[in-house]
Amino acid sequence: MTRPAALALVAACSALSVLPLSAATLQRIEQREFGRMPDGTPVVEITLRNTNGLRVRLISYGATITEILAPDRQGGFTNVVLAATSLDAYRRGFGGAASVIGRVANRIAHARFSLDGVSYTLAANNGPHHIHGGRVGFARVVWQARTLPPRADSASAQFDYVSRDGEEGYPGTLNVTVTYTLTDHNELRVDYEATTDKATPVNLTNHAYFNLAGHGDVLEHELWLAADAYTPTDELLIPTGEIAPVKGTPLDFTTPTRVGARLAQLQPRLNGYDHNYVIRGGGKALVQAARLVEPRSGRVLEVRTTEPGVQLYTGNHLQHAGLCLETQHFPDSVNHPQFPSVILRPGQTFRSTTVFAFAAG
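Since this is a predicted model, take the numbers as computed values, not measurements.

Calculation criteria
- Residues numbered from 1 in each chain as written.
- Predicted model: local features only at pLDDT ≥ 70, side-chain atom pairs only at ≥ 80, totals over all residues.
- Heavy atoms only, no water.
- Pairing = 2+ DSSP bridges.
- Helix = DSSP H or I, 4+ residues; strand = E, 2+ residues; numbered from the N terminus.
- Core = buried A, V, L, I, M, F, W, Y, C linked by side-chain atoms within 4.5 Å.
- Buried < 20%, exposed > 50% of the residue type's maximum accessible area, 1.4 Å probe, protein only.
- Phe/Tyr/Trp six-rings, centres within 6.5 Å; stacked < 30°, edge-to-face > 60°.
- Lys NZ or Arg CZ within 6 Å of the ring centre and 35° of its normal.

Caption draft 1: Looking closely at the sheet that holds strand β18 (residues 222-225). One open sheet holds the 9 strands; their spatial order is β12-β13-β14-β15-β28-β24-β23-β18-β21, and the pairing between them is antiparallel. Of all the strands in the sheet, just β12 (144-147) and β21 (257-258) have a single pairing partner and so form its edges. Where strand β24 (residues 299-305) and strand β28 (residues 350-360) come together, 7 bridges link them in antiparallel fashion. The partner of E302 across the bridge, within β28, is A357.

As structure tokens, this is what we get:
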């Protein structure tokens, strides 16, 4: 995708102005057909609204976020996630999709792992390695979608998918549910749950590309991360197994820093950030992981999560048109027993929560 095309997509709603609505008259949830797959399977679009005018749109293809319409300090609304305008564009491989990633997000070295004495071989779709669940994964399938009864201060949509035993090489049949909830506090909460009938790795995230300006690149955004350490990688971005401090490196966002301020220090190896950070206090309760500010519009995004890590990716293949904050377990955890475990066993329930909170100042 060319840079103008990518930026045009995120800017599609940049001129909108939305007035706050009363809770009594607000239609919080709508549902319609977004398109159909080649076999005729319908893809559903669900719209969630809150009383502040914030609007979220989701489609059942990949359980994908196609719009987060958020206000700036002047009350102007724009879509702050990269999005395509048609199902065909997503099916052709739109490179900025805000889809759910699984069964395991990020990389698995050499597309293989061992579990309980059995070796498994996965789809190698990133050179010799496996990334983001494989050639299809969870991002390119149609989920079952439904709306939940709205509450006094929120609206929710739920997406379900059954990943069969052997899909992309993974063991066990995995039942996955992802629930998106938009609140009147301008929070988009994402709750993940999964169960399995056989031990299997699970690491779910959403790959949303944020651009709080609604246009241009994200290099002038200011980022803060609650992370004193990261997981170093080799030349193909596979973790070495170490956990290293960010202090004194261009990876240090422990104080708010322009995203593009130290990009040159990453070259020639990388054209931007693609690094997993270790969240301070992460992996247990819901904690703040990141704060992103777009100075001109005043838009602010705060990310809270129960996950131990967050992958910062600056849309390097899209000329930095969007920025990802992928809350997750560490890459290649299944091959590094010293990392927090991603193994889910029968009788257990995988649970993870991430909250994207929007404000303007």
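Let us keep going from here.
Caption draft 2: The arrangement of the pairing of strand β10 (residues 118-121) in detail. Pairing analysis gives 4 bridges linking strand β9 (residues 112-115) to β10, with the strands arranged antiparallel. Bridge pairing in β10 links L115 to V118.

Caption draft 3: Molecular detail of the nonpolar core. Core analysis: the largest hydrophobic core is formed by 68 residues, its most contacted members being I68, W143, Y180, L225 and Y277. The greatest single-element share of this core, amounting to 5 residues, is contributed by strand β14 (residues 174-183). Counting residues in hydrophobic clusters, the runner-up holds 18 residues, among them M37, L82, L87 and Y209.

Caption draft 4: Region of the structure containing unusual backbone geometry. Backbone torsion omega between G102 and R103 reads 10°, so that peptide bond is classified as cis. Assignment of secondary structure puts R103 in the loop between β7 (100-101) and β8 (107-108). P268 follows Q267 through a cis peptide bond whose omega is 5°. Turning to its location among the elements, P268 is positioned in the loop between β21 and β22 (274-278). One non-glycine residue, N106, lies in positive phi territory at about 70°. Judged by its relative accessible area of 1%, N106 falls in the buried class. You will see that D116, though not glycine, has its phi angle at about 55°, which is positive. Examined against the element boundaries, D116 turns out to sit in the loop between β9 and β10.

Caption draft 5: Region of interest: the environment of T25. As for its placement among the helices and strands, T25 is situated in the loop between β1 (16-17) and β2 (29-36). Between the C-alpha atom of T25 and that of T51, which follows or precedes it by 26 residues, the distance is 9.4 Å.

Caption draft 6: Spotlight on the packing of aromatic side chains. Counted by the stated rule, this structure contains 12 aromatic pairs. When the ring of F210 is compared with that of F356, the centres are 5.3 Å apart and the planes differ by 55°; the resulting orientation is tilted. Note that F210 is positioned in the loop between β17 (205-206) and β18 and F356 in strand β28, a separation of 146 residues in sequence. You'll find F210 and F356 in the same group, each marked buried. These aromatic residues form a ring-pair network of at least three members: F113, Y120 and Y170. Here the basic side chain of R262 rests over the ring of F253, its NZ or CZ set 5.1 Å away from the ring centre.

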